[in-house]
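# Topology and contacts: notes
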Amino acid sequence: MVRQTIKYILMFVGLVLVQVLILNHVQFSGFVNPYIYVLFVCLLPLSSPRYVVLLLAFLLGITVDIFSNSLGVHSFATVFVAYLRPFVIRVISNREEDRSDYPGLKQNNWRWFLGYITIMVVIHHTVLFYLEVFTFSNFFETLYRVFLSAIFSIFVIVISQFIVFRE
Amino acid sequence: MRSLFRYLLNNHAFLLFLLLEVLSLVFVFNYNKYQRVKYLNSSNRIIASVYNSFNSVVQYFELTRMNRSLAEENAKLKSRFQMTNSGEIITDSVSIGTFQTNPNYRYISARVINNSVNKKYNYITLNKGRKQGVKPDMGIVSHNGIVGVVTSVSESYALGFSVLNSRWGPSAKLKKSGFYGPIEWNGDDYQFVKLMEIPFHVKMAVGDTIVTSGYSSVFPEGIMIGVIQSFSQPEGESFYDINVKLATDFKSIYFVEVIDNMDKEQLKQLEDLIKNGASNN
């Protein structure tokens, strides 16, 4: 239990630092901003109480917000995706199989994990990018940004599963 | 009553969700008020010191470029010094660009510890704060030209809007003809901004210099903003559509100066006096 808690605290700090120090400065043609910190919400144990998930998501979002001077934007998107998490999991796990409590890549088959991450990241990015520009006037341009960034984020998250979160 | 409690308990996740989302939206819509709150942005002591320590490691990789730009700045200053010292040709009233010898302005040197160019609202974090005399509404310039304006300060760090922030634009003018208008950034390209509200009868050419107008107390007059890249006369409108290429390369700013306008207090008092006088009548 204590080990788990420490692991999640380290993950929180690590993801926030990687996000604000490195990935916030990544820029390909002004379009691609990967946001991988949402992985923290994805990897919380499936049995954790919902209010804990929501509060942690808010804390995570507001931390990234304070670092990037965009108060409220990241916290909104992260809480949103944290609330939808149980529904996403219910939708993609159609059979009543033995599901590991930890939704990582090693504990599940890669197709389930990829589907799970893809849905979570796409929801998060959609909410985030539209709230950030706060207009539907350039609807398709924003959508293009959402998808390019989502692909990049998913790529980085999957890679990170092989390198960092192996156990 | 009991059923109400049971209802709340059963739906606690949804209610908490609503509460947190509303809180986030309140933050989003009141950005101005909360930007000024010093601990909820990157001028916060803890947040800024994270940036500061990361930056002090990363800056070693940029040393070559930094040195080159410092050498260029040195050369520029030297040639200007020579020009003003070379005798009768140029007399007293020459003051061009960033480094005017105007005693009403004081320059505070600072290092950029965080900066972005890829958002709609870009900010710049500096490693100087209240202790070094930095206050909100002071201008930020680099040796190439204008950079931004300070919005909030903590004890030893400051946060400012960069020119690449659609919530703020400096007042600019054409150096040649003196016509002035606001600068706006539309969030696309970090190299270009638009100069607004220049009427059609004004003559201009590609390559003309755009400088600060000096009509606000943030910047002194004549600080380089950029040069005209292209301009057109859109049909059905009365103002030019002018693209200005920024003189400052926002992807490589390491050192900047914060401008302290010593006359600001007096100007403000005078303006308040006039305002109050007008309202009394």
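Everything that follows concerns the structure shown earlier in this document.
What you see is a predicted model, and the numbers here were worked out from it, not measured in a lab.

Each value, and the rule that gives it
- Residues numbered from 1 in each chain as written.
- Chains lettered and ligands numbered in written order.
- Predicted model: local features only at pLDDT ≥ 70, side-chain atom pairs only at ≥ 80, totals over all residues.
- Heavy atoms only, no water.
- Pairing = 2+ DSSP bridges.
- Helix = DSSP H or I, 4+ residues; strand = E, 2+ residues; numbered from the N terminus.
- Axes fitted to C-alpha atoms, helices over the stretch in contact; angles between N-to-C directions.
- Core = buried A, V, L, I, M, F, W, Y, C linked by side-chain atoms within 4.5 Å.
- Buried < 20%, exposed > 50% of the residue type's maximum accessible area, 1.4 Å probe, protein only.
- Domains from an automatic or database assignment.
- Contact = heavy atoms within 4.5 Å.
- Parallel < 35°, antiparallel > 145°, perpendicular 65-115°, else oblique.
- Left-handed = near helix turned anticlockwise from the far one by under 90°.
- Salt bridge = Lys/Arg side-chain N within 4 Å of Asp/Glu carboxyl O.
- Buried area = accessible area lost by both parts, 1.4 Å probe.
- Polar contact = N/O pair within 3.5 Å; in protein donor to acceptor, adjacent residues only side chain to side chain.

This part covers the sheet that holds strand E3 (residues 139-141) of chain B. Pairing between the strands of a sheet comes from backbone hydrogen bonds, and it takes one of two forms, parallel or antiparallel. Residue and element names in this part refer to chain B. Spatially, 6 strands are ordered E1-E2-E5-E4-E3-E12 in a closed barrel, and the strand pairing comes out antiparallel. For this sheet, the mean angle separating the axes of adjacent strands, direction not counted, is 45°. Bridging between strand E1 (residues 105-115) and strand E12 (residues 255-261) involves 7 bridges; their strand directions are antiparallel. Its bridge partner being in E12, Tyr107 is matched across the sheet by Ile259.

One finds Phe40(A), Leu54(A), Tyr116(A) and Ile117(A) to be the most contacted residues of the largest nonpolar core, which totals 69 residues. Considering every element that reaches this core, the biggest residue donor is helix H5 (residues 110-133) of chain A, with 12 residues. When we break this core down by domain, the ones giving at least three residues each are domain 1 (2-35) and domain 2 (36-89 + 103-263) of chain B. Once residues within four sequence positions are removed from consideration, Ile117(A) is found in contact with Leu39(A), Cys42(A), Ile154(A) and Ile157(A). Counting residues in each nonpolar core, the second largest holds 48 residues, with Ala172(B), Leu174(B), Ile198(B) and Ile253(B) among its members.

Next up on the list: the side chain of Thr63(A). All names here are of chain A. By secondary structure assignment, the location of Thr63 is in helix H3 (residues 50-68). Residue classification places Thr63 among the buried positions, given a relative accessible area of 19%. Not counting residues up to four positions away in its chain, the partners in contact with Thr63 are Phe12 and Val16.

It is worth spelling out the packing of H3(A) against helix H4 (residues 45-58) of chain B at this point. H4(B) packs onto H3(A) with a crossing angle of 65° between their chain directions and a minimal axis gap of 10 Å. By the angle between their axes, H3(A) is roughly perpendicular relative to H4(B). Where H3(A) crosses over H4(B), the handedness of that crossing is right-handed. For the pair formed by H3(A) and H4(B), the contact residues are Ile66(A), Phe67(A) and Ser68(A) on the first element and Ile47(B), Val50(B) and Tyr51(B) on the second.

All names here are of chain B. Here the structure, examined in full by the defined rule, presents 6 salt bridges over all chains. Across the pair Glu62 and Arg65 runs a salt bridge, and its minimum N-O distance is 3.1 Å. Its salt-bridge partner being Asp208, residue Lys176 comes within 3.2 Å of it at the nearest N-O pair. Here the residue Lys176 occupies a position in the loop between strand E6 (171-174) and strand E7 (180-184), and Asp208 occupies one in the loop between strand E8 (192-195) and strand E9 (209-212), the gap between them amounting to 32 residues.

The next subject is the interface of chain A and chain B. Facing 32 residues of chain A, the contacting portion of chain B comprises 33 residues. At the boundary of chain A with chain B, total buried surface from both sides reaches about 3000 Å², with 67% on carbon and sulfur atoms. By the criterion of area lost to chain B, the three top residues of chain A are Phe67(A), Asn69(A) and Leu71(A), representing 23% of everything that side buries. If you look at where chain A meets chain B, you find 0 salt bridges. At the junction of chain A with chain B, the criterion picks out 9 residue pairs in polar contact (both at pLDDT 80 or more). Those elements that provide at least two residues to the side of chain A that touches chain B are helix H1 (2-22), H3, helix H4 (73-92) and H5 of chain A. Among the elements that make up the side of chain A that touches chain B, the one with the highest residue count is H3(A) (9 residues).

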